[in-house]
Amino acid sequence: DEQVGVTAEDMRDTIIVGTQNGRLVRDRADLYASGGLLDLVVSSSGGAVKVFPPGPHVADHPKYNGGHIVAEFSFNNTVGAEVNA
């Protein structure tokens, strides 16, 4: 994607995190914190898996900023239950 300088090869073995730019989580930093979800995924892969955006202060990819799953099962979800505890 020329807009954000990312190629398909750059995204190999990469989890794209879509939070609708933070709207669907209580705190984006928690996802990236030591012991947070993304830290656990990356560390359990032995570093083979990468994450984009690389940190909480980088915006979501404009084309992949979160869809049905994050809208349905996130902090500000459509079912009214808090599943992002």
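Fair warning: this is a prediction, and the values are worked out from it, not measured in the lab.

A. Broad picture of the overall build of the chain. A tally of regular secondary structure across the chain gives three helices and two strands. Written out in order from the N terminus, the α and β elements of the chain read β-α-α-β-α. Here the chain holds 85 residues, and 25% of them are scored as buried. The contacts of the chain with a sequence gap of at least 6 include a subset with a gap of at least 24, amounting to 61%.

B. Spotlight on the environment of Leu38. Within the secondary structure layout, Leu38 lies in helix α2 (residues 37-44). Along the sequence, Leu38 and Val51 sit 13 residues apart, while their C-alpha atoms lie 7.4 Å from each other. Those residues in contact with Leu38, other than ones at most four positions away along the chain, are Val17, Leu31, Tyr32 and Val51.

C. Spatial organisation of unusual backbone geometry. Here the residue pair Phe52 and Pro53 is connected by a cis peptide bond, since its omega of 0 degrees sits within 30 degrees of zero. Despite not being glycine, Asp13 has its phi angle at roughly 60 degrees, a positive value. With respect to the helices and strands, Asp13 occurs in the segment before β1 (14-16).

D. Layout of the nonpolar core. Within the largest apolar cluster, six residues are counted, these being Val17, Val25, Leu31, Tyr32, Leu38 and Val51. Those residues in contact with Tyr32, other than ones at most four positions away along the chain, are Val17, Leu38, Asp39, Val51, Pro53, Pro54, Gly55 and Pro56.

E. Examining the pattern of salt bridges more closely. Counting across every chain of the model gives one salt bridge. For Arg28, the salt bridge identified is with Asp60, shortest N-O distance 3.2 Å. With a gap of 32 residues between them, Arg28 in helix α1 (residues 28-32) and Asp60 in the loop between β2 (50-52) and α3 (68-72) connect regions that are remote in the sequence. Under the relative-accessibility criterion, Arg28 is labelled buried at 11%.

F. Up close: the confidence of the model for the chain. Mean pLDDT over the chain stands at 77; residues scoring 70 or higher make up 72%. The secondary-structure element of the chain with the lowest mean pLDDT is α3, recorded at 67, while α2 shows the highest, at 90. Every residue in residues 80-85 is under pLDDT 50, and counting partners more than four places away or in other chains gives 13 contacts.

Rules of the game
Numbering of residues starts from 1 in every chain and runs along the sequence as written. Whole-chain, interface and lining totals are the exception, using all residues; otherwise, since this is a predicted model, local features are given only for residues with pLDDT of at least 70 and side-chain atom pairs are given and counted only at 80 or more. Note that water and hydrogens are dropped before the side-chain values are worked out from all heavy atoms of the structure. Only DSSP runs of H or I with at least four residues qualify as helices, and only runs of E with at least two residues qualify as strands; both kinds are numbered from the N terminus onward. With a 1.4 Å probe rolled over the protein chains alone, any residue whose accessible area is under 20% of its type maximum counts as buried; one over 50% counts as exposed, and the rest are partly exposed. Here, residues are in contact when the closest pair of their heavy atoms is within 4.5 Å. Residues belong to a common nonpolar core when they are buried Ala, Val, Leu, Ile, Met, Phe, Trp, Tyr or Cys residues joined through side-chain atoms within 4.5 Å. Each salt bridge in this description consists of a side-chain nitrogen of Lys or Arg and a carboxyl oxygen of Asp or Glu lying within 4 Å of one another. Scored from 0 to 100, pLDDT reflects the predictor's confidence in each residue.

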